Amino acid sequence: MSAIEERGYASTDALVSTEWVSEHLNDPNLRFAESNEDPLLYASGHIPGAVEVDWTRDLNHPLRRDYLDKSGFEDLMRRIGATRETTVVLYGDKSNWWACYAFWVFQLFGHTNAKIMDGGRLKWQSEGRPLVTEAAIYPTTNYQAPDRDDSGVRVFRDQVLEHVQAGRPLVDVRSPAEYTGERLHMEAYPNEGALRGGHIPGAANIPWARAANEDGTFKTADELRAIYTGENNLQAGDDIVAYCRIGERSSHTWFVLTYLLGFQQVRNYDGSWTEWGNLVNVPIEKP
Amino acid sequence: MDAYPEKLAMLLEYLDLSGDRDERIQMLIDIASRFKSVPEFIATRPFSKTHLTPACESEAYVWCEELPSQSLKFHFAVENPQGISAKCMAVILDETLSGESASRLARVPGEVVYRIFGKDLSMGKSMGLMGMVSMVQACAKRYLASGHADKRL
C-alpha cells in the first residue's frame, strides 16, 4: 500500500501509518488507544504506552441505549491521562471498526484531536512491531469536556424520517443480504436482529468493507471515489446519513466519507437497523 | 443434573475467583497460551471447510477423535492470528470436555460462553464462540447417532 500522503485523500490529518506511530511512541502529546471487539486482545499485547478504550464499558451509557454523558467522557479522558490538547491515536481489531466507532464518539464531545492508525492492530502486529502486556497508566488529568453535542455527526430516527421524505441520500453499509431483507441480521448476529427486513427507502447499499484493503488499510482516494461517487453518485456537498445495524460499521464509512473524501455533511445513524427495523409505521424498502 | 460437566464446572469456579475484569482476562489469556493447533495426524492444511465453525470470525476449526475409552478428544485450529478468545475457548473445550461421555457433551449449553467471557462480549464474538460449543455438541451427537456406545462414568 502506498504512503498515506500519496493516496490523494482530502485530508491526511486524521490518519497515520504504523510507521508514523512507531516514530512517535514517546511523544507526550499523543495518547495511543486500542479499541477492540475481542476483550482479550489488549491485555495479550498492545502498542507500548497504549491504553484501552472498551466500546461497551467506556463508550456506552451503562443503562440506556446511548453514549456516555459529559461526566462519563471526562472520567474516561482523565483515566487515560488525556487533556483537551492530547491527540488520541486510535487503533484496533477488525480493520479499525471499533477504533472508528470510538473516534466518532470522541467527536460528540468535540475532541477533534484524534487520529486512526491505518491498518489497525493486525498491520502493526504483522509488521513485527513491538507489543507489550503491561497496562499503561498515566497521571490523572482534569479533563473538562463540553456538553455532548450530537447535532454535527449523529442523527436520530425522526431526523432520518425527514431525510427520507426530503429524498436525501443514505448509505446502508450492511451486507447485501441484510440490505435486501433476505437476512434480518448480520450473519452470526441473530440477537441484534429486527422484526422487519429491508432497508431505509432510498438508501444505497455500499458495504463498509469495500473501503478497506485486505490488510485493513484504507483504499486510495481514487478507489474510494470510484465506489462512492462513480458507482453511487454521492457528492461531497450532499447531506448524507450512514447506517448499519448498531452504528459501528457505519462509523467506519462515516470516517471514510468525512476525512478521506472530504464530504462535508455526513452523519451516523447509530439507531440503525436495530431501531428502524423494529419501529412501527416507518417506510421500508424491500426488493 | 448439573448444568456443566465436572471439569468445566471446576474451571468456571476457578474463573469466578478472579477479583475483577482485568484478573479474569489475564486468567483467560493464560489459558489461551496453552493452545496447541491440531496435530498433523488429525488434519493438515488446507483444512476441510466441513470442520470450520460457522459464524466464527477467528476461523476456528474443530475435529473430534474417537478414543478407545468410548469417548472423544477434541482438536482445534484457529487461523486468525488475532483469535485469542477462540484459542482460549479451544483450550477450555479440550481440557474440560475431552473424555466426557458423548451424551453429556451433547447437552453442554452454549451460554457457557458468557460464563467464561462475561456478558460484555459483542454479538459477533459471542456467536463465534458459541459456534465452537455447537461444533463439539454436533460431534458428540454424530458419535452417538452412529451407534457408538456412550462412555460409562
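Each value, and the rule that gives it
- Positions within a chain are numbered from 1, following the residues in the order the chain's sequence is written.
- To read the labels, note that chains go from A and ligands from 1, taken in the order they are written.
- Totals for whole chains, interfaces and linings use all residues, but because this is a predicted model, local features are given only for residues with pLDDT of at least 70 and pairs of side-chain atoms are given and counted only at 80 or more.
- Note: side-chain values were computed over all heavy atoms of the structure, leaving out hydrogens and water.
- Helix and strand definitions here come from DSSP, where helices need a minimum of 4 consecutive H or I residues and strands a minimum of 2 consecutive E residues; each element is numbered from the N-terminal end.
- Here the radius of gyration uses the C-alpha set of atoms, whereas the globule reference equals 2.2 Å times the residue count to the power 0.38.
- Classification of residues uses two cut-offs on accessible area relative to the type maximum, computed with a 1.4 Å probe and protein chains only: under 20% is buried, over 50% is exposed, and between them is partly exposed.
- The contact criterion used is simple: two residues touch if any of their non-hydrogen atoms lie within 4.5 Å.
- Throughout, the Shrake-Rupley method with a 1.4 Å probe supplies accessible areas, and for residues the shown protein chains are the sole cover considered.
- Note that His is not counted, nor are the chain ends; the positive residues are Lys and Arg, and the negative ones are Asp and Glu.
- A charge is said to be at NZ when it belongs to Lys, at CZ for Arg, at CG for Asp and at CD for Glu.
- As used in this record, nonpolar core signifies buried Ala, Val, Leu, Ile, Met, Phe, Trp, Tyr and Cys residues forming a set joined through side-chain atoms within 4.5 Å.
- These domain boundaries are the output of an automatic or database domain assignment.
- What makes two strands pair is DSSP finding at least two bridges between them.
- Think of each axis as a best-fit line through the C-alpha atoms, taken over the contacting stretch in the case of a helix, with angles from 0 to 180 degrees between the N-to-C directions.
- Classification of ring pairs rests on two measures: the distance between centres of Phe, Tyr or Trp rings, Trp counted by its six-membered ring, which must be within 6.5 Å, and the angle between planes, read as stacked under 30 degrees, edge-to-face over 60 and tilted in between.
- To sit over a ring, a charge needs its Lys NZ or Arg CZ within 6 Å of the ring centre and within 35 degrees of the ring normal.
- Handedness rule for crossovers: strands pointing away from the viewer, path from the first strand over the helix to the second running clockwise, crossover right-handed.
- Every definition here rests on a 1 Å grid over the protein atoms only: cavities are sets of points where a 1.4 Å probe fits but cannot get out, pockets are open sets enclosed by protein on both sides within 12 Å along at least five of seven lines, and lining residues have some atom within 4 Å of a point.
- Grid points are joined across faces, edges and corners, and a volume is the space filled by probe spheres set on the points.
- What gets called buried area is simply the loss in accessible area from a 1.4 Å probe that two parts show on being joined, summed for both.
- Salt bridge criterion: a side-chain nitrogen from Lys or Arg within 4 Å of a carboxyl oxygen from Asp or Glu.
- Note on residue classes: Ala, Val, Leu, Ile, Met, Phe, Trp, Tyr, Cys and Pro are nonpolar, Asp, Glu, Lys and Arg are charged, and everything else, Gly too, is polar.
- As a per-residue quantity, pLDDT reports the predictor's confidence and falls between 0 and 100.
- As used in this structure description, the phrase polar contact means that two N or O atoms lie within 3.5 Å; if the pair is within protein, one of them must be able to donate a hydrogen and the other to accept it, and residues adjacent in sequence are counted only when both atoms belong to side chains.

Undergrad: How should the overall build of chain A be read in this particular structure?
TA: Summing up its helical and strand segments, chain A has ten helices and nine strands in all. Here chain A has a C-alpha radius of gyration of 18 Å; the compact-globule value for 287 residues is 19 Å, and the two agree. Along the first, second and third principal axes, the C-alpha set of chain A runs to 55 × 40 × 35 Å. Residues counted as buried form 56% of the 287 residues belonging to chain A. A fraction of 77% describes how many contacts in chain A between residues 6 or more apart in sequence connect residues 24 or more apart. Of the roughly 11600 Å² that chain A leaves accessible, carbon and sulfur atoms contribute 47%. Taking the average location of the 28 positive side-chain charges in chain A and that of its 42 negative ones, the two points are 4 Å from each other.

Undergrad: Mind showing me how you'd approach the nonpolar core here?
TA: A general feature of soluble globular proteins is that nonpolar side chains tend to end up buried together. Residues L59(A), F73(A), M77(A), I116(A), F218(A), Y228(A) and F255(A) are the most contacted members of the largest nonpolar core, which totals 58 residues. Residue contributions to this core peak at eleven residues, all from helix α4 (residues 97-108) of chain A. Formed jointly, this core draws a minimum of three residues from each of two domains, domain 1 (4-126) and domain 2 (157-276) of chain A. Ranked by size, the runner-up nonpolar core spans 51 residues in total, among them L8(B), I29(B), F35(B) and L72(B).

Undergrad: Sorry, what's going on with the sheet that holds strand β8 (residues 239-243) of chain A here?
TA: Whether parallel or antiparallel, the strands of a sheet pair through hydrogen bonds between backbone atoms. Residues and elements named next belong to chain A. The strand order across the open sheet built from four strands is β7-β6-β8-β9, with neighbouring strands paired in parallel fashion. Each of the sheet's edge strands pairs with one partner strand only, and the pair in question is β7 (203-205) and β9 (265-269). With strand direction ignored, the average angle separating the axes of adjacent strands in the sheet is 25 degrees.

Undergrad: What is the right way to look at the packing of aromatic side chains in this model?
TA: Aromatic rings considered in pairs are described by the distance between their centres and by the relative angle of their planes. All names here are of chain A. In this structure the tally under the stated criterion is 19 aromatic pairs over all chains. Put simply, the rings of W55, Y67, W97, W98, Y101, W104 and W208 pair up and form one aromatic cluster. Looking at R31, its charged tip hangs above the ring of Y138, at a distance of 3.5 Å from the centre. Between the NZ or CZ atom of R129 and the centre of the ring of W124, over which it lies, the distance is 5.6 Å.

Undergrad: Whenever I open this one, the pairing of strand β5 (residues 114-117) of chain A confuses me. Can you help?
TA: A regular strand carries its side chains on alternate faces of the sheet. Residues and elements named next belong to chain A. Every second residue of β5 is oriented toward a common face, with A114 and I116 on one face and K115 and M117 on the other, all of them buried. Pairing of strand β4 (residues 87-91) with β5 involves three bridges; the strand directions are parallel. Bridge pairing in β5 places V89 opposite K115. Crossover handedness for the path β4 to α4 to β5: right-handed.

Undergrad: Whenever I open this one, the layout of surface pockets confuses me. Can you help?
TA: The rolling of a water-molecule-sized probe over the atoms marks out the regions of remaining empty space. Estimated volume of the second largest pocket: approximately 440 Å³. What lines the second largest pocket is a set of 19 residues, and nearest its centre among them are Y42(A), E52(A), R79(A), A135(A) and D22(B). Those elements that provide at least two residues to the lining of the second largest pocket are α2 (41-44) and β3 (51-52) of chain A together with α2 (21-32) of chain B. Here the lining of the second largest pocket gets four residues from one element, more than from any other, and that element is α2(B).

Undergrad: Looking at this model, I keep getting lost on the interface of chain B and chain A. Mind explaining?
TA: Listed by partner, the interface residues are 20 residues for chain B and 22 residues for chain A. Taking both sides of the interface into account, the surface hidden between chain B and chain A amounts to around 1900 Å²; carbon and sulfur atoms contribute 61%. Ranking the residues of chain B by area buried against chain A places R21(B), Q82(B) and M123(B) at the top, with a combined share of 34%. Linking chain B to chain A there are four salt bridges.

Undergrad: Any chance you could explain the sheet that holds β5(A) here in plain terms?
TA: All names here are of chain A. Taken in spatial order, the five strands make up an open sheet running β1-β5-β4-β2-β3, and their pairing is parallel. Two strands lie at the open edges of the sheet, namely β1 (15-16) and β3, each paired on one side alone. In terms of strand pairing, strand β2 (residues 30-34) meets β3 through two bridges, oriented parallel. Directly across from A33, in β3, lies its bridge partner V51.

Undergrad: Help me understand empty space enclosed by the protein, please; the structure alone is not making it clear to me.
TA: All names here are of chain B. Counted under the stated rule, the structure contains one cavity of 30 Å³ or more. Every residue along the wall of the largest cavity is listed here: C56, E57, S58, S85, A86, G124, K125, G128 and L129. Among the secondary structure elements, those contributing two or more residues to the lining of the largest cavity are α3 (84-97) and α6 (123-145). Here the lining of the largest cavity gets four residues from one element, more than from any other, and that element is α6. Looking at the lining of the largest cavity residue by residue, the classes come out as three nonpolar, four polar and two charged.

Undergrad: Sorry, what's going on with the confidence of the model for chain B here?
TA: The predicted structure's coordinates, where accompanied by low pLDDT, should not be read in detail. Averaged over all residues, the pLDDT of chain B equals 92, while 97% of them reach at least 70. The secondary structure element of chain B with the lowest average pLDDT is α6(B), at 91, and the one with the highest is α3(B), at 97.

Undergrad: Which parts of the structure should I look at to understand the side chain of T86(A)?
TA: All names here are of chain A. The topology assignment puts T86 in the loop between α3 (70-79) and β4. Using a relative accessible area of 6% as the deciding quantity, one classes T86 as buried. Of the polar contacts made by the side chain of T86, one reaches the backbone nitrogen of T83; its length is 2.9 Å.

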